[in-house]
Amino acid sequence: MAKQARDTEFTKYVASRSGWLRKVAYLLCGDWHRADDLVQEAITKLYVNWARAGRVENLDGYARTVLVNTFLAEQRSPWWRRTSRSGSAPDAEAVAVDLDASLDLRQALAALPPRQRATVVLRYYCDLTVDQAAEAMGCSSGNVKSQTARGLDTLRRTLTVRPVAAERTP
């Protein structure tokens, strides 16, 4: 009976937070299919450790930490170790309405190194403090500050509109 209650509680949590986890995963990796894979792996890890997760004060923070750690671990593994999932394409694609600015931001975010991307996403999308981001990533506050500063600097340089030189007339 306890296992059934545990599974029901876990299912309810995942159903309510999977959309949010998917958005965070997308911001980390820049690919919806890969984001789905990351969320699936994180949810699996969360289920295995659900008893521990139930004892934490901030369950969303714990789930986010699992997701970020899964992303960072994947980034450290060689390309040949990444699993390749094949199969048929989905029946219908979701219609996405993106503005040029959001596409530019997503491209610039995807170009950041993984740790910089993770700190920027945690600090500005997930709205975490420096200490919370450091805890989620398992590093020091100073590391989060420097990675965030470097990431923001790179984003600013990438997204700055450079004026086009006026054509000279003879």
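Our structure is the block above this text.
As the structure is a prediction and not an experimental result, all values here were calculated from the model. (Residues numbered from 1 in each chain as written. Predicted model: local features only at pLDDT ≥ 70, side-chain atom pairs only at ≥ 80, totals over all residues. Heavy atoms only, no water.)

## Re the pattern of salt bridges
Point 1. Taken as a whole and judged by the stated rule, the model has 5 salt bridges.
Point 2. A salt bridge links Asp60 to Arg17; the shortest N-O distance between them is 3.2 Å. A residue pair is termed long-range when its members are at least 10 positions apart, and Asp60 in helix H4 (residues 59–76) and Arg17 in helix H1 (residues 2–29) qualify at 43 residues.
Point 3. On the basis of relative accessible area, Asp60 is assigned to the partly exposed category, the value being 24%.
Point 4. We classify Arg17 as partly exposed; its relative accessible area is 23%.
Point 5. When the shortest N-O distance is used, the salt bridge between Asp36 and Arg22 registers 2.4 Å. On the criterion of sequence distance, the pair formed by Asp36 in helix H2 (residues 32–48) and Arg22 in helix H1 is long-range, its members being 14 residues apart. (Salt bridge = Lys/Arg side-chain N within 4 Å of Asp/Glu carboxyl O. Helix = DSSP H or I, 4+ residues; strand = E, 2+ residues; numbered from the N terminus. Buried < 20%, exposed > 50% of the residue type's maximum accessible area, 1.4 Å probe, protein only.)

## Describing the packing of aromatic side chains
Point 1. In this structure the tally under the stated criterion is 4 aromatic pairs.
Point 2. Each ring, one from Phe10 and one from Trp50, has its centre 5.1 Å from the other, and the planes form 80°; the classification is edge-to-face. You can see Phe10 sitting in helix H1 and its partner Trp50 sitting in helix H3 (residues 50–53), a full 40 residues away along the chain. Judged on exposure class, the residue Phe10 and its partner Trp50 are both buried.
Point 3. Summarising the aromatic geometry, the rings of Tyr13 and Trp50 are spaced 5.7 Å apart at their centres and angled 45° between planes, so their arrangement reads as tilted. Remark: Trp50 occurs in helix H3 and Tyr13 occurs in helix H1; sequence separation between them is 37 residues. Accessibility assignment for this pair places Tyr13 and Trp50 in one class, buried.
Point 4. One aromatic cluster in this structure is built from Phe10, Tyr13, Tyr47 and Trp50. (Phe/Tyr/Trp six-rings, centres within 6.5 Å; stacked < 30°, edge-to-face > 60°.)

## Considerations on the nonpolar core
Generally speaking, a soluble globular protein has its nonpolar side chains buried in company with each other.
Point 1. Leu28, Leu46, Leu67 and Leu122 are the most contacted members of the largest nonpolar core, which totals 43 residues.
Point 2. Secondary structure elements with two or more residues in this core: H1, H2, H3, H4, helix H5 (100–111), helix H6 (114–125), helix H7 (130–137) and helix H8 (141–159).
Point 3. In terms of residues, this core owes the most to one element, H1, which gives 11 residues.
Point 4. If near-sequence neighbours (up to four positions away) are discounted, Leu46 is found in contact with Phe10, Tyr13, Ala53, Tyr62 and Ala63. (Core = buried A, V, L, I, M, F, W, Y, C linked by side-chain atoms within 4.5 Å. Contact = heavy atoms within 4.5 Å.)

## Here's the deal with empty space enclosed by the protein
Point 1. Taken as a whole and judged by the stated rule, the model has 1 cavity of 30 Å³ or more.
Point 2. Roughly 40 Å³ of volume is contained in the largest cavity.
Point 3. The wall of the largest cavity is formed by Tyr26, Leu27, Gly30, Arg106, Leu109, Ala110 and Arg117.
Point 4. Contributing elements (two or more residues each) for the lining of the largest cavity: H1 and H5.
Point 5. In the lining of the largest cavity, the residues fall into 4 nonpolar, 1 polar and 2 charged. (1 Å grid on protein atoms, 1.4 Å probe; cavity = no way out; pocket = protein on both sides within 12 Å on 5 of 7 lines; lining within 4 Å. Points joined across faces, edges and corners; volume = space filled by probe spheres on them. Nonpolar A, V, L, I, M, F, W, Y, C, P; charged D, E, K, R; others polar.)

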